[in-house]
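Secondary and tertiary structure notes
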Amino acid sequence: AQKVTQAQTEISVVEKEDVTLDCVYETRDTTYYLFWYKQPPSGELVFLIRRNSFDEQNEISGRYSWNFQKSTSSFNFTITASQVVDSAVYFCALSVHSSASKIIFGSGTRLSIRP
Amino acid sequence: SQTIHQWPATLVQPVGSPLSLECTVEGTSNPNLYWYRQAAGRGLQLLFYSIGIDQISSEVPQNLSASRPQDRQFILSSKKLLLSDSGFYLCAWSVYRDKVKEQYFGPGTRLTVT
């Protein structure tokens, strides 16, 4: 069975601080995909990144970076120089290789950036 | 480009009344479609998914049903709403081919059962 754990329920930091959101996953499949989504107060989930199990390269996109480590089954998300607009609930998710492309979501981390 | 629509945006319904939420996708063909529910302050629960017309899979037993009468239309229904059906309902789509696995979500419907 697959599982995604986001142990941090809520995080609050002051603007311009760096913050890391943790994600640990479980699966016995060798082919799988990992995702991060952002849910701002409006409610709509916004896709941020997809990583497949064969690509452990870390990725950076502006102030966002992702650290994928298969050895620890983790896919952590770091926001550098956080801004108030980064305040949202962030979900880590996992999908295994299948035609249905079902995604298992973690419980989410609520990130609050204080000015 | 692809877009996904959901309506209504908000809905207040009394207990025991019927429900119909609609989701449509534009700009793609034969998408996988999904219905999720998010209770207040909670994570996402997958309710139904569909890989084709009239092909519906239910993830959890509940008071709801889903139908897919057309390729890009997905409907969530209930004959009699319960208080526990309140929540934020999200529709999503994905496309299996080309190894695109991520799902793209609609704006959601906030349902309050009173």
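Residues numbered from 1 in each chain as written. Chains lettered and ligands numbered in written order. Predicted model: local features only at pLDDT ≥ 70, side-chain atom pairs only at ≥ 80, totals over all residues. Heavy atoms only, no water.

Okay, the sheet that holds strand 1 (residues 3-7) of chain B next. Residues and elements named next belong to chain B. Reading across the sheet, the four strands line up as 1-3-8-7 and stay open at both edges, with antiparallel pairing between neighbours. The outermost strands of the open sheet, each flanked by one partner alone, are strand 1 and strand 7 (65-70). The mean inter-strand angle of the sheet, taken between neighbouring strand axes irrespective of direction, is 20 degrees. Bridge analysis of strand 7 against strand 8 (residues 73-78) gives four bridges, and the strand direction is antiparallel. Within strand 8, the position partnered with S65 by the bridge is S77. (Pairing = 2+ DSSP bridges. Helix = DSSP H or I, 4+ residues; strand = E, 2+ residues; numbered from the N terminus. Axes fitted to C-alpha atoms, helices over the stretch in contact; angles between N-to-C directions.)

Between chain B and chain A, the contact holds 25 residues from the first and 20 residues from the second. Taken over both partners, the interface formed by chain B and chain A buries close to 1900 Å², and the fraction arising from carbon and sulfur atoms is 56%. On the surface where chain B and chain A come into contact, there are two salt bridges. Across the salt bridge formed by E59 of chain B and K102 of chain A, the nearest N and O atoms sit 3.3 Å from each other. Counting across the interface, chain B meets chain A through four residue pairs in polar contact (both at pLDDT 80 or more). At the level of secondary structure, the elements contributing two or more residues to the side of chain B that touches chain A comprise strand 4 (32-38), strand 5 (44-52), strand 9 (87-94) and strand 10 (104-105) of chain B. The class makeup of the residues in the side of chain B that touches chain A is 13 nonpolar, six polar and six charged. (Contact = heavy atoms within 4.5 Å. Buried area = accessible area lost by both parts, 1.4 Å probe. Salt bridge = Lys/Arg side-chain N within 4 Å of Asp/Glu carboxyl O. Polar contact = N/O pair within 3.5 Å; in protein donor to acceptor, adjacent residues only side chain to side chain. Nonpolar A, V, L, I, M, F, W, Y, C, P; charged D, E, K, R; others polar.)

Interpretation of the predicted coordinates at a detailed level should be avoided for regions scoring low in pLDDT. In this model, chain A carries an average pLDDT of 93, and 99% of its residues clear a pLDDT of 70 or more. For chain A, strand 7 (residues 59-61) of chain A is the element with the lowest average pLDDT, namely 88, and strand 3 (residues 19-21) of chain A is the one with the highest, namely 98. (pLDDT = per-residue confidence, 0-100.)

Now for the state of the cysteines. All names here are of chain A. In the structure shown here, the tally under the stated rule is two disulfides over all chains. One disulfide in the model links C23 with C92; its S-S distance is 1.9 Å. Torsion about the S-S bond of the C23 and C92 cystine: about -65 degrees, corresponding to left-handed handedness. Here C23 is found in the loop between strand 3 and strand 4 (24-26), whereas its partner C92 is found in strand 10 (residues 88-96), with 69 residues between them in sequence. (Disulfide = S-S within 2.5 Å.)

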